[in-house]
Amino acid sequence: MAHHDRSETTPRRRPTVLLSVVGVVAVTIALTGAFGGLGARPSAPAAVSPGATVDQGLFKVQVLDARTGRLKIGVFGKADNKLVVRARVTNTGDRSWGVISFLSGVVAEPKPGQYVKPDMTQSNGDLLGGTTTEIHPRLPVTVQLVWPLPETTTPRSVTLALRAWQYGQAFTTNDIGWSVTSTSPVTAKVTLPVRAGATS
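Quantities reported herein were computed from a predicted structural model and do not represent experimental measurements.

1. Some points on the overall build of the chain
In terms of helices and strands, the chain carries two helices and 15 strands. For the chain, buried positions account for 32% of its 200 residues. Considering only intrachain contacts with a sequence separation of at least 6, the fraction spanning at least 24 residues in the chain is 66%.

2. With respect to the environment of Gln 56
Tracing the backbone through its elements, the reader meets Gln 56 in the loop between β2 (53–55) and β3 (59–71). Gln 56 sits 109 residues away from Trp 165 along the chain, and the two C-alpha atoms are 5.7 Å apart. The residues contacting Gln 56, other than those within four sequence positions of it, are Val 61, Phe 102, Gly 105, Val 106, Leu 162, Arg 163, Ala 164, Trp 165 and Thr 187. For Gln 56, the side chain forms a polar contact with the main-chain oxygen of Arg 163, separated by 2.8 Å.

3. Let's talk about the side chain of Asn 124
With respect to the element layout, Asn 124 can be found in strand β8 (residues 124–127). Among all residues touching Asn 124, those that are not within four sequence positions of it are Ile 73, Val 99, Thr 131, Thr 132, Thr 142, Val 143 and Gln 144.

4. Quick notes on the packing of aromatic side chains
Enumeration according to the criterion identifies four aromatic pairs in this entry. Measuring from ring centre to ring centre gives 5.3 Å for Phe 59 and Phe 102, while their planes differ by 80 degrees; the resulting arrangement is edge-to-face. Of this pair, Phe 59 sits in strand β3 while Phe 102 sits in helix α2 (residues 99–103), and the two are 43 residues apart along the sequence. We classify Phe 59 as buried; its relative accessible area is 0%.

5. With respect to the nonpolar core
By size, the foremost hydrophobic cluster in this structure holds 32 residues, and its most contacted members are Phe 59, Phe 102, Val 143 and Val 158. Only β3, β4 (80–91), α2, β6 (106–111), β11 (141–148), β12 (157–163) and β15 (186–195) provide two or more residues apiece to this core.

6. As for the confidence of the model for the chain
When the pLDDT values of the chain are averaged, the result is 84; 78% of them are 70 or greater. Every residue in residues 6–10 is under pLDDT 50, and counting partners more than four places away or in other chains gives one contact. Here residues 17–41 scores under 50 on pLDDT; set against residues more than four positions off or in separate chains, the count is five contacts.

Quick notes on the rules
Residues numbered from 1 in each chain as written. Predicted model: local features only at pLDDT ≥ 70, side-chain atom pairs only at ≥ 80, totals over all residues. Heavy atoms only, no water. Helix = DSSP H or I, 4+ residues; strand = E, 2+ residues; numbered from the N terminus. Buried < 20%, exposed > 50% of the residue type's maximum accessible area, 1.4 Å probe, protein only. Contact = heavy atoms within 4.5 Å. Polar contact = N/O pair within 3.5 Å; in protein donor to acceptor, adjacent residues only side chain to side chain. Phe/Tyr/Trp six-rings, centres within 6.5 Å; stacked < 30°, edge-to-face > 60°. Core = buried A, V, L, I, M, F, W, Y, C linked by side-chain atoms within 4.5 Å. pLDDT = per-residue confidence, 0-100.

So, in structure tokens, the structure goes:
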């Protein structure tokens, strides 16, 4: 009867088993990473109090207050039910940007995950008591963000989500600069009470 020495067979099996284990671990890491299980997860947006400064990258913003009522915004505006939020906005870049550009990075969040853009035609900027459509570098502007409301709607509070502006190359051109889109990450959220029954 032949005698088999275990010391001869064991070393031959170990490399095969070891390679199999390494292979399974490598596949697991690849699949887990692909589905977001590994690596740094995006941090949740900061919850910021009204009046605190939010750094969006291009703009520094202080959300000041909110009001609702049958308000008339602008010379040709119509007096109907609106939500109006005021924010002090400082352009930290080296060129002027339109108020409309700033609005692209701010939305209201009436329900978690539900975003509503401000009305681009009614929202405006105020600089030293006069209406402005531009936000110049390092010159704070008070921006009124406007959302039309149904006549019977009077929210007690409103949450604003401020998206992060990113500096880099545009997707469609070779231009380098600041940009924000509807898929840009939300850097901060501000929840503030709404003063109902405002007339101006």
